[in-house]
Amino acid sequence: MLPSPPPMADPVRASVKRLLTRAFTLPCSTAAQAYTQIVQPTSRFQLALDALLPLLDPSTPAELAQRILVAFLLYSLYAPHPMAINPFKTVLFMTFMKEREKAVVVAQMGDVSPNEQLVWVLWKILKGDGNDIGPYSPNTLAKSPLPPKLRATNLILDESLYNTVFDIDDANYSNSQDNERLRSASSDHTPSANFGSNARSPDNGPRRVITPVADRQNEMIAQAMKLLLAARERVLTLSEQRILNPLIPELAVSGMIASLDLSAIIANNPMLAHPLFVGLLSGVKHDHNLPAPFLEVLPYLPPSLSTFDLLGRLLRDQTPIMNGIYTVASIVRSEVLGRFIHECINWLERAEAEEREGLISDDRFAKGVQNLCRFYHSLIKRGIVDAASDADTTEMAHFSLRNARLEEANTLYRVLAMSKF
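Just so it is clear, the structure is predicted and the values come from calculations on it, not from any experiment.

### Quick notes on the overall build of the chain
A count of helical and extended segments in the chain gives 20 helices and two strands. For the chain, the residues scored as buried account for 45% of the 421 residues in total. Total accessible area on the chain stands at roughly 21600 Å², and carbon and sulfur atoms take up 56% of it.

As structure tokens, this is what we get:
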């Protein structure tokens, strides 16, 4: 009697198990790619049944981030096709209904359910917008607060679309395919923008033809997304920057960029920073929703030449934002400049203290003082800062006087002092 072959999936299952416990901080799309590399195509469906589905069950003691990751993996296995023919769509829908019901009960009691983010992720996936959450990690999705309009009580799906098995040649499938590809109209500032030039409304014909031009545009957008994510970790080549730059406005309004990404992008690719911030600020439509998460990054950038160049460009940019109520320059002038100068002074004072204590041996303090004073002097020359205003210049006047041994600080102090007479 021939011995039975060893279970093929043992090392594979172990690898998948490690992936499901360690991939919480990776983008969902990266985790999905890792899954497809670990598991052979012929084994992916069965392994999803055995290893992924049990974790989606509410009775399983799985973390919220893990359940979000599993939901995305089940979606991504068939992502090139519409949700209508995804074999896991009914399970995903039933999970959505159960989790939504629990969240609604908690909401009726005046509280917020901890599974609200899972409900939203399932809703996005079932609507066919799963790719929008691909750039975000399960941890980020699990911890990000949702605006009231995206709470579970407001998320509704048509049950008939998810409990029907479509024949791939049937006309109903064609209609469902088009409906599934319609993008969400929500303005939640999450990645839900429809970049394709072939967008359509439900009133148009049942089939949607993707033209070569639209297909090329979508391909360019996808490539630009990958480059923007890569810009967080490395310096882009000139050819990569030429590809990315024209598409930055579209990527910015898509909401795929989190405020936590900005510092890394600015450090590695300062030339992208100005158009990126303008795009982010231009995407805010209402004056009661100031773009604080993005503006909060600017005051804490190190006082380097690239930082001063970025602030200078933003302070001169007259692009209208928030329905034309403000400009980029005015919002940065009122919300950022004062705090930025204060944090630069704090940074330089810490560098000076470390230099005295022998912890550093370079000239970062002296260079920083020179660059800050030149930057502030240029703001006065351009009329961005009123040298005669005590409210605007007091802190900088004290700083320049204390460091007047340096020529740039001495020059700035004389300008500030003379403006008072």
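Moving on from the model shown.
### Some remarks on the packing of helix H13 (residues 270-282) against helix H15 (residues 305-316)
One can describe the packing of H13 onto H15 by two numbers: an axis separation of 10 Å at closest approach and a directional angle of 30 degrees. The angle between the axes of H13 and H15 places the two elements in the roughly parallel class. In the packing of H13 onto H15, the handedness of the crossing is right-handed. In this structure, H13 contributes Pro270, Ala273, His274, Phe277 and Val278 to the contact, and H15 contributes Ser306, Leu310, Arg313 and Leu314. Residues that form the contact of H13 with H15 fall into these classes: six nonpolar, two polar and one charged.

### Details of the environment of serine 378
Looking at where serine 378 falls in the secondary structure, it is placed in helix H18 (residues 364-381). Each C-alpha atom, one on serine 378 and one on leucine 412, is 9.8 Å from the other, the two residues being 34 residues apart in sequence.

### What about the confidence of the model for the chain?
On average, residues of the chain score 78 in pLDDT, and 81% of them reach the 70 mark or higher. No element of the chain has a lower mean pLDDT than helix H8 (residues 171-181), which averages 39, and none a higher one than H18, which averages 93. Below pLDDT 50 for its whole length, residues 1-9 participates in two contacts with residues either more than four positions away or in separate chains. Low pLDDT (under 50) marks residues 164-209, which in the prediction has 90 contacts with non-local residues, meaning those over four places away or in another chain.

### A closer look at the environment of isoleucine 341
Within the secondary structure layout, isoleucine 341 lies in helix H17 (residues 337-356). Owing to a relative accessible area of 6%, isoleucine 341 belongs among the buried residues under this scheme. In this structure the C-alpha to C-alpha distance between isoleucine 341 and threonine 393, which are 52 residues apart in sequence, comes to 10.0 Å. Not counting residues within four places of it along the chain, the set of residues in contact with isoleucine 341 comprises Leu372, Phe375, Tyr376 and Met396.

### Some remarks on the pattern of salt bridges
Summed over the entire model, instances satisfying the criterion amount to 14 salt bridges. Residue glutamate 99 pairs with arginine 67 through a salt bridge whose shortest N-O separation is 2.8 Å. On the criterion of sequence distance, the pair formed by glutamate 99 in helix H5 (residues 89-108) and arginine 67 in helix H4 (residues 64-76) is long-range, its members being 32 residues apart. For the pair glutamate 99 and arginine 67, one class covers both residues: buried. Here aspartate 132 and lysine 124 are joined by a salt bridge, their closest N and O atoms 3.4 Å apart. Lysine 124 matches aspartate 132 in its accessibility class, with the two residues each being buried. Each of Glu349, Glu352, Arg356 and Arg402 takes part in salt bridges that share partners, so that together they form one network.

### Observations concerning H18
Its 18 residues give H18 an end-to-end C-alpha distance of 26 Å, which sits within 8% of 26 Å, the value for a rise of 1.5 Å per residue. Every buried residue of H18 is listed here: Phe365, Gly368, Val369, Gln370, Asn371, Leu372, Cys373, Phe375, Tyr376, His377, Leu379 and Ile380. Among the structural elements, H15, H17, helix H19 (390-402) and helix H20 (407-418) are those in contact with the buried residues of H18. Following H18 by one or two positions, glycine 383 adopts a phi angle in the positive range, close to 80 degrees.

### Re the nonpolar core
With 64 residues, the main nonpolar core has Leu244, Leu298, Val332, Ile341, Leu372, Phe375 and Met396 as its most contacted residues. With sequence-adjacent residues up to four places away left out, methionine 396 is seen in contact with Ile341, Ile345, Leu372, Cys373, Tyr376, Leu412 and Leu416. In terms of nonpolar packing, the next biggest core, distinct from the first, is built from 49 residues, Ala62, Leu69, Leu77 and Val121 among them.

### Notes on the side chain of glutamate 116
Position of glutamate 116 among the secondary structure elements: in helix H6 (residues 116-126). Engagement of the side chain of glutamate 116 in a polar contact is seen with the side chain of arginine 151, the distance being 3.1 Å. Side-chain polar atoms of glutamate 116 contact the backbone nitrogen of alanine 152, separated by 2.8 Å. Setting aside chain neighbours within four positions, we find glutamate 116 in contact with Ala103, Leu146, Arg151 and Ala152.

### Digging into the packing of aromatic side chains
As enumerated under the stated definition, the model contains seven aromatic pairs in all. Centroid distance phenylalanine 72 to tyrosine 75: 5.7 Å. Interplanar angle 55 degrees. Geometry classified as tilted. With phenylalanine 72 and tyrosine 75 both in helix H4 and three residues apart, this pair spans about one turn of that helix. Each member of the pair, phenylalanine 72 together with tyrosine 75, is buried. On the basis of an interplanar angle of 85 degrees and a centroid distance of 6.1 Å, the ring pair of phenylalanine 340 and phenylalanine 375 is categorised as edge-to-face. Of this pair, phenylalanine 340 sits in helix H17 while phenylalanine 375 sits in helix H18, placing them 35 residues apart in sequence. Looking at phenylalanine 375, the relative accessible area reads 6%, which means it is buried.

### Notes on the packing of H18 against H19
Close contact between H18 and H19 brings their axes to 12 Å; oriented N to C, the two are set at 145 degrees. Between H18 and H19 the crossing geometry is left-handed. Taking contact as the criterion, the partners of Val369, Leu372, Cys373 and Tyr376 in H18 are, on H19, Asp392, Thr393, Met396 and Phe399. Among the residues making up the contact of H18 with H19, the classes are represented as six nonpolar, one polar and one charged.

### Looking at the side chain of glutamate 240
Tracing the sequence through the fold places glutamate 240 in helix H10 (residues 238-244). Of the polar contacts made by the side chain of glutamate 240, one reaches the side chain of arginine 234; its length is 2.9 Å. Excluding anything up to four places from it in sequence, glutamate 240 contacts Leu227 and Arg234.

Each value, and the rule that gives it
Every chain is numbered on its own, with residues counted from 1 as its sequence reads. The predicted nature of this model means local features are confined to residues of pLDDT at least 70 and side-chain atom pairs, given and counted, to a pLDDT of 80 or more, with totals for whole chains, interfaces and linings taken over all residues. Each side-chain value is worked out from all heavy atoms of the structure, with water and hydrogens disregarded. Note on conventions: DSSP H or I runs of at least 4 residues are helices, E runs of at least 2 residues are strands, and numbering of each starts at the N terminus. For every residue, the accessible area obtained with a 1.4 Å probe (protein chains only) is divided by the maximum for its type, and the residue is called buried under 20%, exposed over 50%, and partly exposed between those limits. Only the protein chains shown count as cover for residues, and the accessible areas themselves come from Shrake-Rupley with a 1.4 Å probe. Only C-alpha atoms enter the line fits that serve as axes; for helices the fit covers just the stretch in contact. Angles between N-to-C directions range over 0 to 180 degrees. Note on terminology: angles under 35 degrees are roughly parallel, angles over 145 are roughly antiparallel, angles of 65 to 115 are roughly perpendicular, and the others are oblique. Note on convention: the crossing is left-handed when the near helix lies turned anticlockwise from the far helix by less than a right angle, right-handed when the turn is clockwise. Here a residue-residue contact requires only that any non-hydrogen atoms of the pair lie within 4.5 Å. Ten residue types, Ala, Val, Leu, Ile, Met, Phe, Trp, Tyr, Cys and Pro, are classed as nonpolar, four, Asp, Glu, Lys and Arg, as charged, and the remainder, Gly among them, as polar. Confidence scores here are pLDDT values: one per residue, from the predictor, ranging 0 to 100. Counted as salt bridges are all cases of a side-chain nitrogen of Lys or Arg within 4 Å of a carboxyl oxygen of Asp or Glu. Under the convention used throughout, the expected extent of a helix is 1.5 Å for every residue step, that is, one less than its residue count. In this description, a nonpolar core means a group of buried Ala, Val, Leu, Ile, Met, Phe, Trp, Tyr and Cys residues linked to one another through side-chain atoms lying within 4.5 Å. Residues adjacent in sequence count toward polar contacts only when both atoms are side-chain atoms; beyond that, a polar contact is any pair of N or O atoms within 3.5 Å, and within protein one must be able to donate a hydrogen and the other to accept it. Only the six-membered ring of Trp is used, alongside the rings of Phe and Tyr, when aromatic pairs are assigned; centres must lie within 6.5 Å, and planes under 30 degrees apart are stacked while those over 60 apart are edge-to-face, with the rest tilted.

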